[in-house]
Amino acid sequence: MALYSDKVMDHFMNPRNVGYIENADGIGEIGNAKCGDIMKIYLKIENDVIVDAKFETFGCGSAIASSSMATEMIIGKPVSEALELTNKAVVEALDGLPAHKVHCSVLAEEAIKNALKDYFDRNGIPYDPEQFKETDHDELHAQVHGE
Ligand code: FES
């Protein structure tokens, strides 16, 4: 079996929603100090619905494919649903990622969550901070790379 699914290759070679949104309603950035990957997500939100999402990712192919797929999955969705998006759902939508690349999809989940938190903060919308607890990336990296 090929290491990467056709969907991963497609989203890596032809990523959707690359770029940035001027006057975004929420911006989220997350980085992994160990591998140096950085992901930034911009959201345009109207009436509590995500009408547009764009990303800039400096990172590996799996991180790019994950951000592309994740932005596709949240556009048109209410904020409450986007908040529920898990890296697992992104990996499933990509027809899987190799085990040592699963942490790249976590970046997409967390960058979106950070962008939503930014949106809540800017608009004084109350939220449960527990929802925004970050995964310990060093630990995750150590688990998957055995470092
Ligand atoms: Fe892709 Fe770590 S190698 S985020």
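Just above sits the structure.
Summarised in this report is the structure supplied together with it. Nothing here was measured: the structure is a model prediction, and the numbers come from that model.

Description of the packing of aromatic side chains
Part 1 of the argument: Per the stated rule, a full pass over the model turns up five aromatic pairs.
Part 2 of the argument: Summarising the aromatic geometry, the rings of Tyr-119 and Phe-120 are spaced 5.8 Å apart at their centres and angled 50° between planes, so their arrangement reads as tilted.

Brief notes about the pairing of strand S3 (residues 49-58)
Part 1 of the argument: When strand S2 (residues 38-46) meets S3, the two strands line up antiparallel, connected through nine bridges. Across the sheet, the residue bridging to Ile-45 is Ile-50, located in S3.
Part 2 of the argument: Connecting the antiparallel pair S2 and S3 is a turn made up of two residues, with Asn-47 showing a positive phi of about 50°.

Observations regarding unusual backbone geometry
Part 1 of the argument: The backbone of Asn-17 shows a phi angle near 65°, a positive value even though the residue is not glycine.
Part 2 of the argument: Mapped onto the elements, Asn-17 comes out in the loop between helix H1 (6-13) and strand S1 (26-31).
Part 3 of the argument: On the accessibility criterion, Asn-17 (17% relative accessible area) is buried.
Part 4 of the argument: In this structure, Asn-23 takes a positive phi of about 55° despite not being glycine.
Part 5 of the argument: Note that Asn-23 resides in the loop between H1 and S1.
Part 6 of the argument: Since its relative accessible area comes to 63%, Asn-23 is described here as exposed.

Considering a nonpolar patch on the surface
Part 1 of the argument: The grouping of Met-9, Phe-12 and Met-13 at the surface amounts to a nonpolar patch, some 290 Å² of accessible area in total.
Part 2 of the argument: By the element assignment, Met-13 lies in helix H1.

Observations regarding the environment of Met-69
Part 1 of the argument: Turning to its location among the elements, Met-69 is positioned in helix H2 (residues 61-74).
Part 2 of the argument: Overall, the relative accessible area of 10% leaves Met-69 in the buried class.
Part 3 of the argument: Measuring from C-alpha to C-alpha, the distance between Met-69 and Asn-17 comes to 9.1 Å, with 52 residues separating the pair along the chain.
Part 4 of the argument: Once residues lying within four places of it in the same chain are set aside, the contact partners of Met-69 are Lys-7, His-11, Val-90, Ala-93 and Leu-94.

Cut-offs and rules
Throughout this document, residue positions are counted from 1 along each chain, in the order its sequence is written. A pLDDT threshold of at least 70 governs which residues receive local features in this predicted model, and a stricter bar of 80 or more applies before side-chain atom pairs are shown or counted, although totals over entire chains, interfaces and linings include all residues. Side-chain measures here rest on the full set of heavy atoms in the structure, leaving out hydrogens and waters. Classification of ring pairs uses Phe, Tyr and Trp, with its six-membered ring standing for Trp, and accepts pairs whose centres are within 6.5 Å; under 30 degrees between planes counts as stacked, over 60 as edge-to-face, and the remaining range as tilted. At least two DSSP bridges between two strands are needed for those strands to be called paired. Note on conventions: DSSP H or I runs of at least 4 residues are helices, E runs of at least 2 residues are strands, and numbering of each starts at the N terminus. With a 1.4 Å probe rolled over the protein chains alone, any residue whose accessible area is under 20% of its type maximum counts as buried; one over 50% counts as exposed, and the rest are partly exposed. Patch rule: a residue counts if its relative accessible area is over 30% and it has no salt bridge; like charges are joined within 9 Å, and nonpolar side chains (Val, Leu, Ile, Met, Phe, Trp, Tyr) within 5 Å. Accessibility throughout is a Shrake-Rupley quantity obtained with a 1.4 Å probe, and a residue counts as covered only by protein chains that appear here. Every case where a carboxyl oxygen of Asp or Glu lies within 4 Å of a side-chain nitrogen of Lys or Arg is listed as a salt bridge. Contacts are assigned to residue pairs that have any heavy atoms within 4.5 Å of one another.

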